[in-house]
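# Analysis of the macromolecular model
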Amino acid sequence: AECRIGSRETVMNHVTILAAVIEDNVVIGPGARIIGPLTIGRGATIGPNAVVTGDVASHSIVGDKGHDDAGVVEKRHEIQAPS
């Protein structure tokens, strides 16, 4: 499986990325797990310890929902930036 990472990324420590396309200007917090195949859109932010298993829209914020839930993308809190 292929991984492609764009430019101007911030990737913190202990991050796992498998089979993902990560577009430009993405921030990935420490301990995040990104398990594809999936695409993380331009300008998205992935919070610490989040588990992402599906596509993330551009300029979205995906975070860990709590200690009992690893923040899997189906249960994520997503905030869209104003257009």
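Before reading on, note that the structure itself is shown above.
As the structure is a prediction and not an experimental result, all values here were calculated from the model. The residue numbers shown here count from 1 along each chain, following its written sequence. In keeping with the model being predicted, local features are shown solely for residues with a pLDDT of at least 70 and side-chain atom pairs are shown and tallied solely at 80 or more, while totals for entire chains, interfaces and linings include all residues. With hydrogens and water set aside, each side-chain value is computed from the structure's full complement of heavy atoms.

## Quick notes on the overall build of the protein
Looking only at helices and strands, one finds zero helices and eight strands in the protein. Numbering goes from the N terminus for both helices and strands, where a helix is a DSSP run of H or I of at least four residues and a strand is a run of E of at least two. Listing every helix and strand of the protein by position from the N terminus yields β-β-β-β-β-β-β-β. Burial analysis of the protein (83 residues in total) assigns 33% to the buried set. Residues are treated as being in contact if the distance between any of their heavy atoms lies within 4.5 Å. Within the protein, contacts between residues at least 6 apart in sequence are counted, and of these 1% link residues at least 24 apart. Using a 1.4 Å probe, accessible areas were evaluated by the Shrake-Rupley method; residue-level cover was limited to the displayed protein chains. Here the protein displays about 4800 Å² of accessible surface, and carbon together with sulfur accounts for 54% of that area. Three labels apply to residues, based on accessible area from a 1.4 Å probe with only protein chains included: buried if under 20% of the type maximum, exposed if over 50%, partly exposed otherwise in between.

## Notes on the pairing of strand β3 (residues 16-22)
DSSP bridges decide pairing: two strands pair if at least two such bridges lie between them. When strand β1 (residues 4-5) meets β3, the two strands line up parallel, connected through two bridges. When the sheet's bridge partners are listed, Ile-5 is paired in β3 with Ile-22. Pairing analysis gives six bridges linking β3 to strand β5 (residues 33-40), with the strands arranged parallel. Counterpart to Ile-22 in the pairing with β5 is Ile-40.

## Concerning the sheet that holds β5
Strand order in the open sheet formed by four strands is β1-β3-β5-β7, with parallel pairing between adjacent strands. The sheet terminates laterally at β1 and β7 (51-52), the two strands that pair on one side only.

## Considerations on the side chain of Asp-24
Within the fold, Asp-24 resides in the loop between β3 and β4 (27-28). In contact with Asp-24, other than residues within four places in its own chain, are Gly-6, Ser-7, Arg-8, Glu-9, Arg-42 and Gly-43.

## Details of the sheet that holds strand β6 (residues 45-46)
Reading across the sheet, the four strands line up as β2-β4-β6-β8 and stay open at both edges, with parallel pairing between neighbours. The open sheet has two free edges, formed respectively by β2 (10-11) and β8 (61-62), since each of these has just one partner strand. The pairing of β4 with β6 spans two bridges and is classified as parallel. Counterpart to Val-27 in the pairing with β6 is Thr-45.

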